[in-house]
Amino acid sequence: VQLQASGGGLVQPGGSLRLSCVVSGSISRIDDMAWYRQAPGKERELVATFTRNGDTNYAVAFKGRSTLSKDIAKNTLYLQMNSLKTEDTAVYSCTALILDAASVWRNYWGQGTQVTVSS
């Protein structure tokens, strides 16, 4: 099982990015998924979660300017981020609770994608 995050890059303040997290491998079921971020010198923090029931929850800093969506057929979770600020600069990683082909539930992490907000 692998999680591949992509979509990061350099964007000006006020700009937008859409991050993608693709789950691949021998998967029986995907449960909750989430995006986290970690800025240099700071602890990792939760950005948003997408539950198995389709409910979404956002950290306060992202409410109103971020949207989660999921393409079930593609096993892909998207994070649309708008009105980006310089303080949003961080490595963004996705995680998922997955029932693998061996019928074991495990929490998997992707490698992260760099988001840099700068003028």
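Please read all numbers here as calculations on a predicted model, not as lab measurements. (Residues numbered from 1 in each chain as written. Predicted model: local features only at pLDDT ≥ 70, side-chain atom pairs only at ≥ 80, totals over all residues. Heavy atoms only, no water.)

Description of the nonpolar core
(1) Moving on: Core analysis: the largest hydrophobic core is formed by 28 residues, its most contacted members being L3, W35, M81 and Y92.
(2) Moving on: Of all elements in the fold, only strand 1 (2-6), strand 3 (17-24), strand 4 (27-38), strand 5 (45-50), strand 8 (76-81), strand 9 (90-100) and strand 11 (113-117) reach the threshold of two or more residues within this core.
(3) Moving on: No other element matches the five residues that strand 9 contributes to this core. (Core = buried A, V, L, I, M, F, W, Y, C linked by side-chain atoms within 4.5 Å. Buried < 20%, exposed > 50% of the residue type's maximum accessible area, 1.4 Å probe, protein only. Helix = DSSP H or I, 4+ residues; strand = E, 2+ residues; numbered from the N terminus.)

Section: the state of the cysteines
(1) Moving on: Applying the stated criterion across every chain yields a total of one disulfide.
(2) Moving on: One disulfide in the model links C21 with C94; its S-S distance is 2.1 Å. Here C21 and C94 share a disulfide; its torsion about the S-S bond, 75°, makes the bridge right-handed. Residue C21 is located in strand 3, and its partner C94 is located in strand 9; the two are separated by 73 residues in the primary sequence. (Disulfide = S-S within 2.5 Å.)

Quick notes on the sheet that holds strand 7 (residues 66-71)
Where strands meet in a sheet, backbone hydrogen bonds hold them as pairs that are either parallel or antiparallel.
(1) Moving on: Pairing in this open sheet of four strands is antiparallel, and the strands run 1-3-8-7 from one edge to the other. Looking along the sheet, the strands with just one partner apiece sit at the ends: strand 1 and strand 7. Taken over all neighbouring pairs, the strand axes of this sheet differ in orientation by 15° on average, direction set aside.
(2) Moving on: Taken together, the five bridges between strand 1 and strand 3 define a ladder with antiparallel strand orientation. Considered in strand 3, the bridge of Q2 is made with S24. (Pairing = 2+ DSSP bridges. Axes fitted to C-alpha atoms, helices over the stretch in contact; angles between N-to-C directions.)

A word on the packing of aromatic side chains
(1) Moving on: Throughout the structure, instances matching the rule amount to one aromatic pair.
(2) Moving on: Consider the rings of Y36 and W109, whose centres lie 5.2 Å apart with planes at 50°: the pair is tilted. With Y36 in strand 4 and W109 in strand 10 (residues 105-109), the pair connects residues that are 73 residues apart, well separated along the chain.
(3) Moving on: Among the residues examined, Y36 registers a relative accessible area of 24% and is labelled partly exposed. (Phe/Tyr/Trp six-rings, centres within 6.5 Å; stacked < 30°, edge-to-face > 60°.)

A few points about unusual backbone geometry
When glycine is set aside, most residues are seen to have a negative phi, and most peptide bonds are trans.
(1) Moving on: Unusually for a residue other than glycine, S83 sits at a positive phi of about 50°.
(2) Moving on: Within the fold, S83 resides in the loop between strand 8 and strand 9.
(3) Moving on: Residue S103 is not a glycine yet carries a positive backbone phi of 60°.
(4) Moving on: Mapped onto the secondary structure, S103 falls in the loop between strand 9 and strand 10.

Things to note about the environment of V23
(1) Moving on: Relative to the assigned elements, V23 resides in strand 3.
(2) Moving on: Separated by eleven residues in sequence, V23 and Q12 have C-alpha atoms that sit 29 Å apart.
(3) Moving on: When near neighbours in sequence (up to four residues on either side) are disregarded, V23 contacts V1, Q2, L3, I30, M33, N75 and I98. (Contact = heavy atoms within 4.5 Å.)

The quantities given are spatial measurements derived from coordinates; they are silent on function.
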